[in-house]
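Chains, contacts and geometry: an overview
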Amino acid sequence: MAALSACNITPENYESAPVLAQSPMGPVTCQIYTREQVTWDRSINRPAAMDVRTADNICRMEGKRIMEGGTPNYAPVAQTAAPTGA
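So, here's what we can say about the structure. Only a predicted model underlies this, so the values are computations on that prediction, with no experimental measurement involved.

What counts and how
Residues numbered from 1 in each chain as written. Predicted model: local features only at pLDDT ≥ 70, side-chain atom pairs only at ≥ 80, totals over all residues. Heavy atoms only, no water. Helix = DSSP H or I, 4+ residues; strand = E, 2+ residues; numbered from the N terminus. Contact = heavy atoms within 4.5 Å. Areas by Shrake-Rupley, 256 points an atom, 1.4 Å probe, with all protein chains shown as cover. Pairing = 2+ DSSP bridges. Axes fitted to C-alpha atoms, helices over the stretch in contact; angles between N-to-C directions. Disulfide = S-S within 2.5 Å. Buried < 20%, exposed > 50% of the residue type's maximum accessible area, 1.4 Å probe, protein only.

Helices and strands together make up the secondary structure of the protein chain, namely two helices and three strands. Element order for the protein chain, N to C, with α for helix and β for strand: α-β-β-β-α. Within the protein chain, contacts between residues separated by at least 24 positions form 39% of all contacts whose residues are at least 6 apart in sequence. When the accessible area of the protein chain is evaluated, it comes to approximately 6200 Å², of which 58% is carbon and sulfur surface.

Here it is as structure tokens:
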């Protein structure tokens, strides 16, 4: 059974750094999973007025753009302040 669990294929095994996709309503933050398919691609942040289905579709289109050779626009990563020593 342990051998089977090692082969467990889940989206989490393929997550990329989040990317930004532009839309008329504002930027959508997408989780892109692989460059071979867009089935798992989904939104992880969207404008408040946008529904989840629309945001997810925008992310799938962004995944397709990247899959066809487009450059990902990676979302900025929040920096944490370095601890100060006393």
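Here the narrative resumes, following the displayed structure.
Here we take up the sheet that holds strand E2 (residues 28-31). As summarised here, the arrangement of the three strands in space is E1-E2-E3, forming an open sheet in which the pairing is antiparallel. The two strands at the open ends of the sheet, each matched to only one other strand, are strand E1 (19-21) and strand E3 (42-45). Pairwise comparison of adjacent strand axes, ignoring direction, gives a mean angle of 50° for this sheet. Relative to E3, E2 runs antiparallel, the two being bridged by three bridges. Bridge pairing in E3 links Gln31 to Arg42. With respect to the sheet, helix H2 (residues 52-67) is in contact with E1, E2 and E3, its orientation differing from that of E3 by roughly 115°.

Attention shifts here to the state of the cysteines. Applying the stated criterion across every chain, the model contains one disulfide. Between the sulfur atoms of Cys30 and its disulfide mate Cys59 the distance is 2.1 Å. Here the disulfide of Cys30 and Cys59 is left-handed, its torsion about the S-S bond being about -80°. Linking Cys30 in strand E2 with Cys59 in helix H2, this pair joins segments that are 29 residues apart in sequence. As far as burial versus exposure is concerned, Cys30 and Cys59 are alike and both buried.

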